[in-house]
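# Examining the three-dimensional arrangement
Here are the chains, one letter per residue:
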Amino acid sequence: MSQLSIDALRELAPGYVMGTLTTDELRDFTSALADPKLAEELQPEIEAHQAAAEFLATSTTATPPAALRQRVIARIASEKQSIVHLTDDSTGIVALPVRRAPSRWVTGGLITALAASVVFAVNLRREVGELRASLNSTQTALTTTEQQLQARERTVRILTEGGNDMVLVRLGANENTGPSMQVFWNVKAGTAVVRADGLRAVAADRTYQLWMIRDSKPVSVALFRPGADGTQLTEVSVPTSVQGVAAFAVTEEPAAGSAQPTMTPFLVGTVGPN
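Because the structure is a prediction, the values reported are computed rather than measured. (Residues numbered from 1 in each chain as written. Predicted model: local features only at pLDDT ≥ 70, side-chain atom pairs only at ≥ 80, totals over all residues. Heavy atoms only, no water.)

### Here we look at the overall build of the protein chain
A tally of regular secondary structure across the protein chain gives five helices and 10 strands. Across the 274 residues of the protein chain, 27% fall into the buried class. When contacts within the protein chain are restricted to residue pairs at least 6 apart in sequence, long-range pairs at least 24 apart make up 57% of them. Summing over all exposed atoms, the protein chain offers an accessible surface of approximately 18,400 Å²; the carbon and sulfur share of this is 55%. (Helix = DSSP H or I, 4+ residues; strand = E, 2+ residues; numbered from the N terminus. Buried < 20%, exposed > 50% of the residue type's maximum accessible area, 1.4 Å probe, protein only. Contact = heavy atoms within 4.5 Å. Areas by Shrake-Rupley, 256 points an atom, 1.4 Å probe, with all protein chains shown as cover.)

Written out as structure tokens, the structure is:
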């Protein structure tokens, strides 16, 4: 069991990750990791330095700015080297420069700072991603709401600007109870608002088709599928004249629609005089 304090062990963590510990230091640190309590305290330190090492291994090499290079050279020139005196002043002085090994505390501190920077960058990137996703979601919701408001405005305009040119056609089911539909036809604008209620859901490969009976022939006006509540509100293009138009009708057809009705209409409404 290592006799080193937890602080001393933390100082050894960078060297453990980088593989620069001496044999004795490696033995002490490995022994400490065998202690579950110490291992739990040291694990975050080890992971932080591993992240820093991985970051350094995958980083793109960058050329330092010229100004930085000059500052480093100036710093080296200003460093005073320790002098070891081998003889006294009477016989002369022989001086040898002593190179100081980098402090383990400094090395560990730099790696720890880098690791913290990596963690901060990762967290920041995640937060930015989350903010972008939230912004995109909000933008999508705003766009959808704006489109809905524009559709409602068109509907209101069709209904209010029709005046004497507005024709209302009511379509009823063959039974006394069942779905119903109203066609608000702005003849002058050549546009109609179709409102349906009580429609049952149809299969994915089926749809409802609205027909106009004009000159005794069915003409397709629109395909539509009701909402979950069985209602439908849609805007369709219609002629700018009621001439020859006798009725509107609804049938259920294949998803792509049909050239002619394939069943007896279950909703029918006649067009009265304008």
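### Structural notes on the confidence of the model for the protein chain
Here the protein chain averages 76 in pLDDT, while 64% of its residues score no lower than 70. By mean pLDDT, strand β1 (residues 82–85) is the weakest element of the protein chain at 40, and strand β6 (residues 206–214) is the strongest at 95. (pLDDT = per-residue confidence, 0-100.)

### Comments concerning the packing of aromatic side chains
This structure, assessed with the given rule, holds four aromatic pairs. For the ring pair Tyr16 and Phe29, a centre distance of 4.6 Å and an interplane angle of 35° mean the geometry is tilted. In this pair, Tyr16 is assigned in helix α1 (residues 6–18) and Phe29 in helix α2 (residues 23–33), connecting sequence segments 13 residues apart. The class of Tyr16 is partly exposed, set by a relative accessible area of 32%. (Phe/Tyr/Trp six-rings, centres within 6.5 Å; stacked < 30°, edge-to-face > 60°.)

### Focus on unusual backbone geometry
Positive phi outside glycine occurs at Asp215, with the angle close to 50°. In this structure, Asp215 sits in the loop between β6 and β7 (217–224). A residue is classified by how much of its surface remains accessible, and Asp215, at 53% relative accessible area, is exposed.

### As for the nonpolar core
Ranked by internal contacts, the top residues of the largest apolar core, which has 27 residues, are Leu171, Met181, Trp185, Leu210, Phe248 and Val250. Sorting elements by how many residues they give to this core places strand β3 (residues 166–173) first, with four residues. Sequence-distant contacts of Leu171, defined by excluding residues within four places in its chain, comprise Ser180, Met181, Val183, Leu210, Phe248, Ala249, Val250, Leu267, Val268 and Gly269. Counting residues in each nonpolar core, the second largest holds nine residues, with Ala13, Phe29, Leu38 and Leu42 among its members. (Core = buried A, V, L, I, M, F, W, Y, C linked by side-chain atoms within 4.5 Å.)

### Some points on the sheet that holds strand β4 (residues 180–186)
Each strand in a sheet pairs with its neighbour through backbone hydrogen bonds, running either in the same direction (parallel) or in the opposite one (antiparallel). The eight strands are arranged β7-β6-β9-β10-β3-β4-β5-β8 in an open sheet whose pairing can be described as antiparallel. In the strand order of this sheet, the two ends are held by β7 and β8 (232–237), each with one partner. Averaged over neighbouring strand pairs, the angle between their axes works out to 20° when direction is ignored. Note: β4 against strand β5 (residues 191–197), seven bridges, orientation antiparallel. (Pairing = 2+ DSSP bridges. Axes fitted to C-alpha atoms, helices over the stretch in contact; angles between N-to-C directions.)

### Points about the packing of α1 against α2
Direction vectors running N to C along α1 and α2 enclose 110°, while the axes themselves pass 10 Å from each other. When the interaxial angle is binned, α1 and α2 end up roughly perpendicular. Note that α1 runs across α2; the crossing there is left-handed. Judged by residue contacts, Leu9, Leu12, Ala13 and Tyr16 of α1 engage Glu25, Leu26, Asp28, Phe29, Ala32 and Leu33 from α2. (Parallel < 35°, antiparallel > 145°, perpendicular 65-115°, else oblique. Left-handed = near helix turned anticlockwise from the far one by under 90°.)

### A short note on α2
A turn of α-helix holds 3.6 residues, and therefore any two residues three or four places apart point the same way. Taken together, the buried positions of α2 are Glu25, Phe29 and Ala32. Axial view of α2: buried residues confined to an arc of 55°, hence all on one face. (Arc of directions from axis to C-beta.)

### A few points about the pattern of salt bridges
Tallied over the full model, the rule gives six salt bridges. The partner of Asp24 in a salt bridge is Arg27, and the shortest N-O contact between them spans 2.9 Å. Taken together, the positions of Asp24 and Arg27, both in helix α2 and three residues apart, correspond to about one turn of that helix. The salt bridge involving Arg195 is made with Asp197; its shortest N-O contact spans 2.9 Å. Salt bridges here are not isolated pairs; linked through shared partners, they connect Asp7, Arg10 and Glu41. (Salt bridge = Lys/Arg side-chain N within 4 Å of Asp/Glu carboxyl O.)

### A word on the pairing of β6
Look at any regular strand and the pattern is simple: side chains alternate between the two faces of the sheet. Bridge analysis of β6 against strand β9 (residues 245–254) gives nine bridges, and the strand direction is antiparallel. Each residue of the ladder has a partner; that of Arg214, found in β9, is Val245. Sheet topology places β6 next to β7; seven bridges connect them, and they run antiparallel. Its bridge partner being in β7, Met212 is matched across the sheet by Val219.

### Observations regarding the environment of Leu26
Among the structural elements, Leu26 can be located in helix α2. Of the residues examined, Leu26 reaches a relative accessible area of 39% and is grouped as partly exposed. Separated by 11 residues in sequence, Leu26 and Gly15 have C-alpha atoms that sit 8.8 Å apart. The contacts of Leu26, once residues within four sequence positions are left out, are Tyr16 and Leu21.

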